[in-house]
Amino acid sequence: MNVKGLLAREQRAYLRRNRSEWKDHLGRARSFFGEGLRRADPARPVLILGAGTGLEIPWALAPPMTTGWDGDPWSRLGTALRHRRWVPWVFGDFTGGFPELETTLQRCLTLPGTLQRRPAERAALRLAGLLPSLTPDAEALQAWIALHQPGTILVANVLGQLGSVADRLVEAAFRPAQPWVSDPDHPDHLAEALDAWTARALQAVCGVLRDSGADLWLLHDRAVIHGNDAVELGPLEEAWAGQLRSAAPLEVGDPLPGLDALDFFRDRSRLAFNRWLWPVGEGQLHLMEALALGPSARPVPEGPERFEGLILEAHSNTSGHLAFRRA
Ligand SMILES: C[S@@+](CC[C@H](N)C(=O)[O-])C[C@H]1O[C@@H](n2cnc3c(N)ncnc32)[C@H](O)[C@@H]1O
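The rules behind the values
- Residues numbered from 1 in each chain as written.
- Predicted model: local features only at pLDDT ≥ 70, side-chain atom pairs only at ≥ 80, totals over all residues.
- Helix = DSSP H or I, 4+ residues; strand = E, 2+ residues; numbered from the N terminus.
- Buried ≥ 20, exposed ≤ 12 C-beta atoms within 10 Å, placed from the backbone.
- Axes fitted to C-alpha atoms, helices over the stretch in contact; angles between N-to-C directions.
- Parallel < 35°, antiparallel > 145°, perpendicular 65-115°, else oblique.
- Left-handed = near helix turned anticlockwise from the far one by under 90°.
- Contact = placed C-beta atoms within 7 Å.
- Nonpolar A, V, L, I, M, F, W, Y, C, P; charged D, E, K, R; others polar.
- Near = placed C-beta within 6 Å.

## Details of the environment of Trp 74
Locating Trp 74 in the fold gives a position in the loop between β2 (66-70) and α3 (75-83). Judged by local crowding, Trp 74 falls into the partly exposed class, with 17 C-beta atoms found within 10 Å. Along the primary structure Trp 74 and Lys 4 are separated by 70 residues, whereas in three dimensions their C-alpha atoms are 9.6 Å apart.

Written out as structure tokens, the structure is:
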């Protein structure tokens, strides 16, 4: 299965879930993104990454030049059916890393010069060995931003999904075999290498977003809490783990390996910051993080600055963004 097919299947599964406990999350997500759309400069394009079928996006508030970006081939149609609006769309992987991951997977699973499959254990080791040489480069996203100069970008609950999409892609390619080491006392080199790949993909995307100059409205899973123990959220603080309150020890997964968005975007001014719990399903509670970022808080550098091989001169535009023009 390729990544498009996988995203379509995952999205169908997501929409088929029992949503009785989602009301609070959906209300908060829609009001957060609604605020981002309301505050967006209507004269400039807006980009929505991970737009999906718009369950969390109040498209009625989106300025005319708003574009959705989602790799699920059905996402635009789903958005049109839900919101009665046919909007510009980019289909495809915005990390730039999934096509290369797919071809590497096939290379590892197939014996050279034949159509025969390598034994799963050897293919998993081979993949673990090759993964460190793959460096996702979000160049399509960077090119789109350079061309359209969006004033606002919404990152709609997708960053925390990248690792699980990579896991599902590997599992689908290995089926019916299992790629992971089942004994928890043994190291799983493939799982570790895939986590490191996800960390590089996240860094690539967030690096492009940080340099975009656009206001950023990010909503993502900050942690996934497994099990049915009662959990409450303490007062908002920088370190997310410090907010979790439970009488029992918690099993917590990190869907953003190596990324602390608060730290990564520390040079930006903060427009909004909040966290809440989302009971996604039985035994699965997500800690959501909503973070809105304005222009860079750094002073505008003096003199020409080198940016992507061109000599450009920095200046503050009317909305206070750091912008560049050819020197
Ligand atoms: C949890 S859903 C977000 C739901 C969406 N915000 C909504 O309002 O319906 C994540 C979305 O991100 C998309 N996605 C995941 N990884 C992607 C990638 N690498 N490139 C493009 N889209 C991706 C999925 O297809 C899915 O629609």
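There is more to say, and it comes next.
## Comments concerning the packing of helix α4 (residues 98-109) against helix α5 (residues 120-130)
At a minimum axis separation of 8 Å, α4 and α5 run at an interaxial angle of 140 degrees. It follows that α4 is oblique to α5 by the angle criterion. α5 is crossed by α4, and the crossing has right-handed handedness. Residues Thr 104, Leu 105, Cys 108 and Leu 109 of α4 touch α5, and the partners they reach there are Ala 123, Arg 126, Leu 127 and Leu 130. Taken together, the residues of the contact of α4 with α5 break down into 6 nonpolar, 1 polar and 1 charged.

## Examining the site of the ligand
Around the ligand sit 24 residues in total, of which Gly 50, Gly 52, Glu 56, Gly 71 and Ala 156 are the nearest. Going through the elements one at a time, α1 (3-16) and α7 (162-174) are the ones with two or more residues in the shell around the ligand. By residue number, the principal contributor to the shell around the ligand is α1, which donates 3 residues. Of the residues contributing to the shell around the ligand, the split by class is 10 nonpolar, 10 polar and 4 charged.

None of this, on its own, says anything about what the molecule does.
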